[in-house]
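# Structure at a glance
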Amino acid sequence: MANWHAIGLWGHAAAAALTMLVAAWLVRRWAGQMHSRPSLGDAALLLALLATSLWAFAAATLGGGHGTAGLAESMRNLAWLAFLFQMVRSARAQPRTVTAVYLVLAVVLIGQPMVAFWHAANQGMPRPGELAFSVAMLLRMIFTVGVLVLANNLYSVADTETRASLRLPLTALAAMWLYDLNLYTVGYLGDALPADLVALRGVLMVFAVPFFALAANRPGGWKLTLSRKVAYRSLSLFAILGYLVTMIAVAQMLRSFGGAVASSAQVLLVLGMSLAAMILLPSDRFRAWFRVKATKHFFQHRYDYRAEWIRFTETIGRPGDGTAPFHERVIKAAADISDSPSGLLLAPTDGGRLQLQARFNWPTADVPAQACTASTIGYFQATARIVELEALRSGKDALTDQRAIPDWILAESNAWAIVPLVHFDRLAGLVVLSRPVIERQLDWEDLDLLRLVGRQLASYLAEARSQEALREADQFDEFNRRMAFVMHDIKNLVSQLSLVARNAERHADNPEFRADMIATLQNSVGKMNTLIQRLTGYARSTGDGIRAIDAERVVRAVIADKAERHPVVASSAPRMTLMADPVQLEQVLGHLIQNAIDASGADHPVYVSLSRDGLNGVIEIVDHGSGMSTEFVRAKLFKPFISSKADGFGIGAYEARLLVEAMNGRIEVESREGEGSRFAVYLPLATRIENDEAALDGPLLAAKV
């Protein structure tokens, strides 16, 4: 025991002397720098060094377990806590949650001397004395755990330059408080502080003082740049400390009663609180609620804009095989802002309508083929207004034009908000966000950030469409180059046949010439058939011009040609006169009916019907063949050089849509894999029948042609 007393005396005395020397050196250095004032961080460091020297001196003279040494230790810890807090205050943005955690730890420190005096006053009474000692040890353990986590958070969020300067003092502080944590844990479990561990604290401080001296030699102030990560970590620490304090306080109260009932109650308390923590902490809903409440009550701004921008760029700009498709990433980038778990992207078509472009975690949303009203695009293009759908449903939103909101969105109960993506006064798309886990109202900060993100996403979509147009142009250039080679082959064949025709006039009676001519013709026919197969269906007809035509006559002519190779069933319909080019309409129907035939089995007929839809006439081609996926119809069907057929060029559907649009019409498609497809050609009705001869024809026969 005497040896440990000597070690404690000389160890703490040496620590007190070394710490005082470092403090004196720091003051002398300030005196030599008359042109610059010491920073608050340096002042806090000096105060902490003086408090540490005072504590070491008290421990050396009175003993490490004396009450005065304990009070000096609390002052030392409070000074070092102030040093850490001063570094936090130097940051550009100081979250209130960090300040709250420091205040809690300061309160814990202030409570330590009070408990120590309580312990000293009850040393003659076993049960109150034991309780006071246990509470004192627990308070010191809580403080050391809290301050160790804070020090680790400060080091982890500091930039590279600041982290290098913090490494030395934080290492020394971590060693000091980690030793204290072990000391008080052993004391709590053994109901007394071991003399050997108390004595060795002075030796530890002798080795820690040089680290403080090297840190004091750092020029300039102490600066940190804090992110919300440290704030949330600190708030989590605050919650953990509250949890521990509550559990320990109740357990100690139960322990003070004694007996078997108290022991059972302690066990039930620990089990109950542990079970509650296991249920709440893994819950996504609880974490979302915790984040919302923390943001609302502890931060001046809802968002950490730097972190949000980094997350946005990582989401939208991350390429690679393992990432989601581009349009899904567009939805996710907007959904992350409001913590929405899913969303939809509606994009405008060439015909001036909106259609579903992509889904993100929302497979149940029932989106019609025409996903907008007549005024949707114009309204959002003119206002760029973000619509909160719940307010619109309840009648609280009087500013939004409800005619611009499609009925299916209002009927979708999970739809929460609509974010327009506007690029240079043109609507690039609409993002429909689902309800977040913790639903809330959008405030001005939400609206500003979503509006900014919407503009940025619109620029990405516009760039993607430009790139797609360039790719299509490049494909057409490649196709034109291939056509040049084809024309060269045709020219060679024509030259060869012309030579045969000229020689036939002179050598027609020569048997050898006739045999050679037949071989040449057969070879030329084979080559021309190959070229025809490559070119059939892709040469654009000039047509006769748009005029009033009898739709039945054109349809009947196409069916008569196609029915020779596959059954085609036509249904009767009222007379319709359309404004269209008959040659081009025949070419369109030829493409669509042939595609339906190719997709159908030999015993599955293709159905053709005519009907009216308002001011438009509708020609429908229906098959029950292989069908197409929704993704293929949306993204690939009307793209050039993409085909679902192994030997297809991918030009027919693309050309059909261009021809119909040139006649002021449109094509709508519905298809399901394994069930078949429906193509509907919409063309404007003529105001009057201009072809009297067509008016005399009978209705289309409802029979198998």
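Since the structure is predicted, the reported quantities are computational estimates derived from the model, not experimental observations.

## Quick word on unusual backbone geometry
In this model, Asp425 sits at a positive phi of 65 degrees, which is unusual for a non-glycine residue. Its identity as a non-glycine residue notwithstanding, Asn664 has a phi of 65 degrees, on the positive side. With respect to the helices, strands and loops of the structure, Asn664 is situated in the loop between helix H21 (652-662) and strand E11 (666-672).

## Description of H21
Across the 11 residues of H21, 8 count as buried, placing the element largely inside the fold. Of the positions making up H21, those classed as buried are Gly652, Ala653, Tyr654, Glu655, Ala656, Arg657, Leu659 and Val660. Two residues or fewer past H21, Asn664 is found with a positive phi of approximately 65 degrees.

## Examining the confidence of the model for the chain
Chain-level pLDDT for the chain is 76 on average; 72% of the residues reach the 70-or-more range. Every residue in residues 537-542 scores below 50 in pLDDT, and together they form 18 contacts with partners more than four places removed in sequence or on other chains. Residue range residues 688-705 is modelled with pLDDT below 50. Its contacts to residues more than four positions away, or to other chains, number 41 contacts.

## Some points on the environment of Arg455
As for its placement among the helices and strands, Arg455 is situated in helix H16 (residues 444-507). For the pair Arg455 and Pro420, spaced 35 residues apart in sequence, the C-alpha to C-alpha distance is 8.3 Å.

## Remarks on a nonpolar patch on the surface
Taken together, the side chains of Leu54, Leu71, Met75 and Phe117 define a hydrophobic patch exposed on the protein surface, amounting to about 400 Å² of accessible area. Within the secondary structure layout, Leu71 lies in helix H3 (residues 67-89).

## What about the sheet that holds strand E12 (residues 676-684)?
Pairing is mixed across the open sheet formed by 5 strands, whose spatial order is E7-E9-E10-E12-E11. Of all the strands in the sheet, the pair left with one neighbour each is strand E7 (568-570) and E11. Between one strand axis and the next, the sheet turns by 20 degrees as a mean value, whatever way the strands run. Two strands pair when backbone bridges link them, and E11 and E12 are joined in this way by 7 bridges, in the antiparallel orientation. Each residue of the ladder has a partner; that of Glu670, found in E12, is Arg678. Here helix H18 (residues 551-562) sits on the sheet in contact with E7, strand E9 (606-613) and strand E10 (616-623), set at roughly 170 degrees to E9. On the sheet, H21 packs against E11 and E12 and is oriented at approximately 145 degrees with respect to E11.

## With respect to the packing of H18 against helix H19 (residues 582-599)
It is the contact of H18 with H19, at a shortest axis distance of 9 Å, that shows an interaxial angle of 40 degrees. On the basis of the axis angle, H18 is oblique to H19. Here H18 and H19 pass one another in a crossing that is right-handed. Residues Val554, Val555, Val558, Ile559 and Lys562 of H18 form the contact with H19, whose participating residues are Pro582, Leu585, Glu586, Leu589, Gly590, Ile593, Gln594 and Ile597. A class-by-class count of the residues in the contact of H18 with H19 yields 9 nonpolar, 2 polar and 2 charged.

What counts as what
Residues numbered from 1 in each chain as written. Predicted model: local features only at pLDDT ≥ 70, side-chain atom pairs only at ≥ 80, totals over all residues. Heavy atoms only, no water. Helix = DSSP H or I, 4+ residues; strand = E, 2+ residues; numbered from the N terminus. Buried < 20%, exposed > 50% of the residue type's maximum accessible area, 1.4 Å probe, protein only. pLDDT = per-residue confidence, 0-100. Contact = heavy atoms within 4.5 Å. Patch = residues over 30% accessible without salt bridge, like charges linked within 9 Å, V, L, I, M, F, W, Y side chains within 5 Å. Areas by Shrake-Rupley, 256 points an atom, 1.4 Å probe, with all protein chains shown as cover. Salt bridge = Lys/Arg side-chain N within 4 Å of Asp/Glu carboxyl O. Pairing = 2+ DSSP bridges. Axes fitted to C-alpha atoms, helices over the stretch in contact; angles between N-to-C directions. Parallel < 35°, antiparallel > 145°, perpendicular 65-115°, else oblique. Left-handed = near helix turned anticlockwise from the far one by under 90°. Nonpolar A, V, L, I, M, F, W, Y, C, P; charged D, E, K, R; others polar.

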